[in-house]
Structure formats: structure tokens, C-alpha cells
Amino acid sequence: MAASASTTINFSTKPSHTSLSWKSHLSSSSAFAVAADSPIRSHRQYPRFVIFAMRAKPTVLVAEKLGEAGVNLLKEFADVDCSYNLTPEELCTKISLCDALIVRSGTKVSREVFESSGGRLKVVGRAGVGIDNVDLAAATEHGCLVVNAPTANTVAAAEHGIALLTAMARNIAQADASVKAGKWLRNKYVGVSLVGKTLAVMGFGKVGSEVARRAKGLGMHVIAHDPYAPADRARAIGVELVSFDEAIASADFISLHMPLTPATNKILNDETFAKMKKGVRIVNVARGGVIDEDALVRALDAGIVAQAALDVFTVEPPKDSKLVQHENVTATPHLGASTKEAQEGVAIEIAEAVVGALNGELAATAVNAPMVPAEVLSELKPYVALAEKLGRLAVQLVAGGSGVKSVKVTYGSARAPDDLDTRLLRAMITKGLIEPISSSFVNLVNADFTAKQRGLRIAEERSLLNGSPESPLEFIQVQISSVDSKFASALSDSGEIRVEGRVKDGIPHLTKVGSFEVDVSLEGSIILCRQVDQPGMIGKVGSILSEENVNVSFMSVGRIAPRKHAIMAIGVDEEPTKESLKRIGEISAVEEFVYLKI
């Protein structure tokens with residue numbers, strides 16, 4: 001399957017305002033593998049994968065039970081070995097004879113598996129969405145494509161979420177157990193009605209939006225939080241997009257549909273539970289790690305959370321869990337995708353993705369890096385990290401509740417328009433914009449497809465500069481339009497969030513925020529402060545950070561004019577505590593500030 005293009009590329013010539021040269025070094029890391037399959041192709045063509053040496057048929061190892069329709073599809077193309085319940089040692093022994101491997105969530109595809117394959121394993125297919133059990137870094141290093149099946153179980157997961165919602169509200173599981181124990185406790189298991197209650201859907205992707213549709217049919221008032229959800233899609237369903245804090249504070253029921261990322265890990269904790277309406281009820285069919293399970297037990301005991309219905313847990317299966325044993329918790333063993341129809345759909349989807357990849361086609365469901373011609377990657381490598389980090393910075397400046405729909409990327413270069421392949425850079429910017437709060441894994445193969453799915457339009461422009469075309473780029477600028485900013489100084493004169501960066505001595509640097517010139521290395525994280533330009537500001541902020549043992553790596557101040565407004569950009573190696581950030585905000589000359597993770 002070829003990736004669907006969702007970007008608009010507009011090449012225009014603009015005069016140069018600045019000129020900067022630098023010595024180019026290769027960055028030490030990249031999300032894209034260096035593995036060319038042929039001499040350099042035109043930048044308008046996608047490279048194809050070299051999958052396996054000429055054999056009569058490839059061999060596919062199916063390590064966990066797969067629906068019959070999927071297995072039959074594989075057998076039309078490959079020799080299929082269905083071997084279940086393999087030990088890690090047995091898997092490592094078998095894998096050297098296989099071109100592709102299909103697993104579910106129970107098989108760990110570790111670095112040892114890729115090393116044992118001897119280079120023959122070219123595709124790993126995960127029959128489902130999550131790929132926590134696959135070592136993506138090792139897969140990329142060994143030139144192995146990883147694909148998943150993200151769409152076939154959407155309805156099943158949504159239906160299970162609604163089933164848990166209604167069962168929890170009416171105490172179905174507890175009442176059933178009570179009757180089977182010979183009791184008849186009608187007064188104990190009085191439930192609550194769903195009609196007129198507010199449901200907060202946290203994560204308005206495929207599953208979240210399907211849950212919202214069904215909850216509306218039950219007469220519920222539905223709100224949602226998702227920075228990437230298009231407002232028009234939400235309106236079409238009759239759902240209001242709100243900030244995270246507003247969602248959890250006003251909800252009678254909360255249904256979780258967010259991915260597990262560093263940003264969402266234990267996002268429901270003691271602090272967030274304290275902000276909720278007393279008696280709230282929580283459903284989780286997403287990922288167990290988004291809830292601090294100990295904090296949920298405390299919230300249940302305190303009556304802040306009246307009930308919880310959980311299909312997923314931090315450790316599965318949970319052992320000696322106070323949460324599972326709590327009388328106000330309904331628990332199921334990760335059944336979200338467990339319908340006959342969903343299992344068959346997942347089997348077909350993953351089989352098609354694996355067969356397509358073995359045929360050398362580009363998979364829209366790829367979750368790791370495809371192979372890129374070595375010469376292209378080698379030249380652009382220093383800018384790959386810059387592109388992703390600018391995307392991450394820009395999206396973190398968007399205020400909660402604002403849907404990101406329109407992004408413009410400007411490349412400053414002395415190269416001719418047909419002599420600069422920006423696909424890789426555009427993919428990395430898309431990766432930076434989407435991945436921090438998404439379950440999507442974005443790369444060159446699926447970047448445009450993923451952006452289109454999320455209603456994200458990325459336009460590209462060229463600013464043609466005077467100078468030597470020896471270096472591919474002078475700067476990259478990312479602008480997000482039609483959104484509110486949590487840091488007003490990041491807005492350009494025309495009202496867009498704007499960040500700009502350059503590569504200096506092989507290191508990505510942030511060089512512009514809004515209309516302010518800065519110069520700070522994009523390593524660690526950044527604190528941006530808008531302040532009244534006056535003596536002693538650097539010392540005051542530095543002292544607060546030093547008291548918390550936070551190391552400052554870079555610091556830069558950009559100002560409009562002496563004694564006027566200035567932007568101070570501070571690079572830090574460690575994450576400051578909330579208290580230290582609060583103290584920075586309380587400095588009288590600081591007008592606004594924001595902490596950004598890179």
C-alpha cells in the first residue's frame with residue numbers, strides 16, 4: 001500500500017533576511033535507518049525495500065494464534081509456520097529461517113531475536129495496535145520493518161468501553177456475583193442513570209470518537225480533550241473540545257482513550273484526582289500506565305472516585321492487586337479487541353501489511369523507520385533532529401483545547417528547488433507534532449498518511465537564499481496557525497505560533513521564537529521567559545535553578561530594545577520541580593514563562 005499524501009508543498013522564492021554558515025557534522029542519532037536498496041533515486045520517488053534473496057517463497061513465522069482468514073491469505077504468498085507458545089530460546093532458534101514474524105502482545109521480539117535472525121528477518125507484524133513488545137530500535141538497526149494493525153479493532157474497543165460504562169453504572173458485575181452467592185441485595189446495588197450525565201472522552205481518536213457517538217445515543221452530554229482533534233469533526237458528532245483540566249473537573253464519567261507516552265504516563269494521579277468532581281466514575285480501555293493505580297485506590301477509598309471499570313493494567317496480568325480486589329472496581333482481562341469480528345479483521349489487516357512489505361511495497365501502518373538511500377540521509381542527518389525538535393517545541397506551545405490543523409514549514413536554502421529532498425524533514429516535523437501525545441509512530445512511510453488521518457495540513461515553502469549551495473539548509477521555520485498559544489510571545493506579528501532553528505557545529509539550535517531572536521542548543525529541555533529587560537534577571541533565574549540542582553546548559557536573551565521586553569531561553573539538563581517553576585513565574589519582572597520538553 002502506498003502512503004497517502006496529505007501535505008501541500010508550495011515552493012516560493014523569498015528574499016534572504018539572514019545568512020549563516022556552519023561546519024556540518026553528522027548527528028549521533030536518527031530515527032531513520034541507513035540502508036540503500038539501489039543507487040540514488042529521484043527525490044520524487046519513494047525507495048523500495050530489498051526484502052529477501054531470490055527464493056521460491058518467503059517463510060512467515062506466526063508465533064501467536066491468528067485468525068484463519070489471515071493465515072489463509074499468508075499461505076497464498078508464503079510458507080507459513082504456525083508455532084505458538086515458543087520460549088525466547090526457541091524463537092531465537094527458529095527466526096534465522098524466517099523472512100517475517102507475526103506476533104500479538106504475548107511474544108517479546110527483543111534485540112536478541114533480531115540478532116539471531118542473521119539479517120534474514122525483514123518484517124515483524126504486530127497483530128494489534130500497541131508495539132511495546134517489539135524492540136523498535138533493534139528492528140531499525142537490523143533493517144527490519146515493523147508494521148501493525150491499528151484500525152480493525154476500533155469498533156470492538158469502543159463497544160467494550162460502553163459495556164464497561166453501563167455495567168459500572170448499574171453494578172452489573174457486583175450484583176451478578178452477589179446473586180450467584182445466594183444473596184438478594186437490591187438496595188445495595190442501586191445504580192446511577194447515564195441520561196444527562198457528562199462524559200469526558202480523553203483522547204478523541206478512532207476509538208474515542210466511536211465511544212462518543214454511542215454515548216450520545218445514550219443521552220449523555222459528551223465533551224472531549226485531544227490537542228489534535230479537528231474541531232469540525234467533533235462538532236459533527238456533537239462533542240465539545242475542552243482543555244484537560246476542564247474535562248476532568250466537569251465530568252461525571254471519564255473514559256480514557258489516550259496512548260501511553262511519557263506525557264501521559266500516570267496522567268491520572270493524586271493531583272489530577274483532586275481536581276475531579278467528587279463521585280466521578282472512570283473507564284479505561286486504553287493503556288494501564290495512564291493511571292497511577294495506587295493513587296486510584298486512594299481516590300476510591302476517599303470517595304473522590306465512586307467507581308472504576310478497567311480493562312487494562314500497568315502489569316498484566318495484575319498480581320495481588322488492591323485495585324482489582326476493590327469492591328468498587330469492575331475488571332476485565334484486556335478484552336477490548338476480543339470479538340470474533342475484530343480478531344478476523346486484525347488477522348486480515350496484519351497479513352495484508354506483511355505480504356505487502358515482503359513484496360517491497362510501502363506500508364502505511366509501518367511503525368518504525370523505512371530504509372532511506374544512504375547519501376540522502378547522510379547529508380540531511382544533522383537537520384533530522386532539528387526538524388523533529390522544532391515540531392515538538394511548536395506543538396507544546398499550543399494552548400489546551402486548540403486543535404492543530406494547519407502548519408507551514410519554511411526551508412531557507414541556496415539549493416535549487418529540485419535539488420533538496422524534504423520528505424525526510426517533513427516526516428520528522430510531523431513526527432514531532434504528533435508523537436508526543438499520540439499512539440502513532442511516524443516515519444517517512446506513514447507521515448503524510450498519519451497527518452491526513454488527523455486532519456493536519458502541512459504546507460512547505462522554500463526561501464531561496466543567496467550563498468553557497470554546499471550546505472543543504474540554512475534554517476527551518478515551523479508555524480502553526482489558527483491556534484491559541486500558552487506563551488503569547490511565541491506568536492508572530494500575523495498571529496501564528498512560530499519557531500525557527502539552525503544547525504551549528506552539528507547541533508540543533510533554536511534561533512527564533514515568535515519575533516524574538518534567541519540562540520539556545522536544543523538539548524535537554526527549555527524554559528522560555530518573557531521579561532522586562534533589566535539587570536540581574538539571569539542571576540535570579542539561575543539561582544532558583546541552582547538551588548534545585550538543575551544544570552543550565554545554554555542561556556540566551558533576545559530583546560526588542562534595551563530596557564524593553566526580552567525573551568530569555570534557558571536550556572536545562574534536568575526537569576525543574578513545579579515549585580522552582582512557580583518561583584520563576586513569581587519574579588516580578590517575568591511576564592510569562594513556559595517549560596518545554598524536547
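Analysis parameters
Residues numbered from 1 in each chain as written. Predicted model: local features only at pLDDT ≥ 70, side-chain atom pairs only at ≥ 80, totals over all residues. Heavy atoms only, no water. UniProt positions renumbered as here; feature names shortened; annotations may be inferred. Helix = DSSP H or I, 4+ residues; strand = E, 2+ residues; numbered from the N terminus. Buried < 20%, exposed > 50% of the residue type's maximum accessible area, 1.4 Å probe, protein only. Contact = heavy atoms within 4.5 Å. Areas by Shrake-Rupley, 256 points an atom, 1.4 Å probe, with all protein chains shown as cover. Pairing = 2+ DSSP bridges. Axes fitted to C-alpha atoms, helices over the stretch in contact; angles between N-to-C directions. Polar contact = N/O pair within 3.5 Å; in protein donor to acceptor, adjacent residues only side chain to side chain. Salt bridge = Lys/Arg side-chain N within 4 Å of Asp/Glu carboxyl O. Core = buried A, V, L, I, M, F, W, Y, C linked by side-chain atoms within 4.5 Å. Parallel < 35°, antiparallel > 145°, perpendicular 65-115°, else oblique. Left-handed = near helix turned anticlockwise from the far one by under 90°. Nonpolar A, V, L, I, M, F, W, Y, C, P; charged D, E, K, R; others polar. pLDDT = per-residue confidence, 0-100.

- In the nomenclature of an unreviewed UniProt entry, the protein is known as D-3-phosphoglycerate dehydrogenase of Anisodus acutangulus.
- Entered under Pathway (unreviewed entry) in the UniProt record, the comment concerning the protein runs "Amino-acid biosynthesis; L-serine biosynthesis; L-serine from 3-phospho-D-glycerate: step 1/3."
- According to its UniProt record, the protein has this under Subunit (unreviewed entry): "Homotetramer."

1. Quick notes on the overall build of the protein
Part 1: Across its full length, the protein carries 18 helices and 25 strands.
Part 2: Of all 598 residues assigned to the protein, the portion counted as buried reaches 54%.
Part 3: In the protein, once contacts between residues fewer than 6 apart in sequence are set aside, the share between residues at least 24 apart is 69%.
Part 4: Taken as a whole, the protein presents about 25,700 Å² of accessible surface, with 51% of it coming from carbon and sulfur.

2. Considerations on the sheet that holds strand E4 (residues 79-82)
Part 1: Read from one edge to the other, the open sheet built from five strands follows the order E4-E3-E5-E6-E7, with strand pairing classed as parallel. Either end of the sheet is taken by a strand with one partner, and the two such strands are E4 and strand E7 (145-148). Pairs of neighbouring strands in the sheet enclose a mean axial angle of 20°, with direction left out of account.
Part 2: Here four bridges tie strand E6 (residues 123-126) to E7, and the two strands are oriented parallel to one another. Counted as the bridge partner of Gly125 is Val147 from E7.
Part 3: Strand contacts of helix H1 (residues 68-75): strand E3 (59-62), E4 and strand E5 (100-103), with the helix running at about 145° to E4, the strand carrying the most contacts.
Part 4: Running over the sheet, helix H13 (residues 340-358) touches E3, E5, E6 and E7 and is turned about 170° from E6.

3. Section: the side chain of Glu496
Part 1: Structurally, the position occupied by Glu496 is in the loop between strand E18 (475-481) and strand E19 (497-504).
Part 2: In terms of polar contacts, Glu496 uses its side chain to reach the side chain of Ser494, at 2.3 Å.
Part 3: Those residues in contact with Glu496 that sit more than four places away from it in its chain are Gln479, Ile480, Ser481, Ala490 and Leu491.

4. Some words on the pairing of E19
Part 1: Buried residues dominate E19, accounting for seven of its eight residues.
Part 2: Two elements, E18 and E19, share five bridges in a ladder whose sense is antiparallel. Each bridged residue has a counterpart across the sheet, and for Ile480 the counterpart in E19 is Ile497.
Part 3: Hairpin connection between E19 and strand E20 (residues 507-513): a loop of two residues separates the two successive antiparallel strands, and Asp505 in this loop has a positive phi of roughly 50°.

5. Some points on the pattern of salt bridges
Part 1: Inspection of every chain in the model, using the stated rule, returns 23 salt bridges.
Part 2: With a closest N to O distance of 2.7 Å, Asp270 and Arg298 form a salt bridge. Highlighted residues: Asp270 in helix H10 (residues 270-274) and Arg298 in helix H11 (residues 293-302), separated in sequence by 28 residues.
Part 3: Classification of Asp270 by relative accessible area gives partly exposed; the value is 41%.
Part 4: For Arg530, the salt bridge identified is with Glu592, shortest N-O distance 3.7 Å. Of the two residues, Arg530 sits in strand E22 (residues 525-532) while Glu592 sits in strand E25 (residues 590-597), which places them 62 residues apart along the sequence.
Part 5: Relative accessible area serves as the criterion here: at 24%, Arg530 is assigned to the partly exposed category.
Part 6: Several salt bridges converge on common partners, so that one network encompasses Glu388, Arg392, Lys431 and Glu435.

6. Concerning the nonpolar core
Part 1: The biggest cluster of nonpolar side chains holds 53 residues, and the ones touching the most others in it are Val407, Leu433, Ile476, Ile480 and Leu510.
Part 2: The biggest single contributor to this core is helix H14 (residues 374-396), with 11 residues.
Part 3: Residues contacting Ile480, with those up to four places away along its chain left out, are Ala394, Val395, Val398, Val404, Ser406, Val407, Leu433, Glu496 and Ile497.
Part 4: If you look at the next biggest cluster of nonpolar residues, it comprises 30 residues, including Val280, Val290, Val297 and Phe313.

7. Brief notes about the sheet that holds strand E11 (residues 253-256)
Part 1: Taken in spatial order, the seven strands line up as E10-E9-E8-E11-E12-E13-E14 in an open sheet, and their pairing is parallel. At either end of the open sheet lies a strand with only one pairing partner, and these are strand E10 (240-241) and strand E14 (329-331).
Part 2: Taken together, the five bridges between strand E8 (residues 198-202) and strand E9 (residues 221-225) define a ladder with parallel strand orientation. Bridging from a neighbouring strand, Thr198 pairs with His221 of E9.
Part 3: H11 rests against strand E12 (280-284), strand E13 (305-310) and E14 of the sheet, and its axis sits at about 140° to E13.

8. Overview of unusual backbone geometry
Outside of glycine, negative phi angles account for most residues, and trans bonds account for most peptide bonds.
Part 1: Following Glu316, the chain continues to Pro317 via a peptide bond in cis, the omega torsion being -5°.
Part 2: For Pro317, the position within the fold is in the loop between E13 and helix H12 (322-325).
Part 3: With a phi close to 50°, Asp320 is a non-glycine residue in the positive phi region.
Part 4: Mapped onto the elements of the fold, Asp320 is located in the loop between E13 and H12.
Part 5: Note on Asp320: relative accessible area 81%, which makes it exposed.
Part 6: Positive phi, normally seen in glycine, also occurs at Ser482, with a value near 60°.
Part 7: Relative to the elements of secondary structure, Ser482 occurs in the loop between E18 and E19.

9. A closer look at the environment of Gly203
Part 1: On the secondary structure map, Gly203 appears in the loop between E8 and helix H7 (206-217).
Part 2: Overall, the relative accessible area of 9% leaves Gly203 in the buried class.
Part 3: Sequence-wise, Gly203 and Leu256 are 53 residues apart; in three dimensions their C-alpha atoms are separated by 6.7 Å.
Part 4: Excluding its chain neighbours within four sequence positions, the residues that come into contact with Gly203 are Gly208, His225, Asp226, His257 and Met258.

10. Quick look at the packing of helix H17 (residues 537-547) against helix H18 (residues 578-585)
Part 1: Packing of H17 against H18 brings their axes to within 10 Å, and their N-to-C directions diverge by 165°. Of the possible angle classes, the one that applies to H17 and H18 is roughly antiparallel. Relative to H18, H17 is oriented so that their crossing is right-handed. On the side of H17, the interface is formed by Val541, Ile544, Leu545 and Glu547, while H18 contributes Ser580, Arg583 and Ile584.
Part 2: Residues of the contact of H17 with H18, tallied by class, amount to four nonpolar, one polar and two charged.

11. Let's talk about the confidence of the model for the protein
Part 1: Mean pLDDT over the protein works out to 84, with 87% of the residues at or above the 70 mark.
Part 2: Low pLDDT, under 50, characterises residues 1-54; the stretch is placed with 145 contacts to residues that sit more than four places away or in other chains.

12. Quick word on the pairing of E11
Part 1: Here E11 shows no split at all, with Phe253 and Ser255 on one side and Ile254 and Leu256 on the other all buried.
Part 2: Note that E8 and E11 share four bridges and pair parallel. Each bridged residue has a counterpart across the sheet, and for Val201 the counterpart in E11 is Ser255.
Part 3: Bridge count between E11 and E12: four bridges; the pairing is parallel. Bridging across to E12, Phe253 finds its partner in Arg281.

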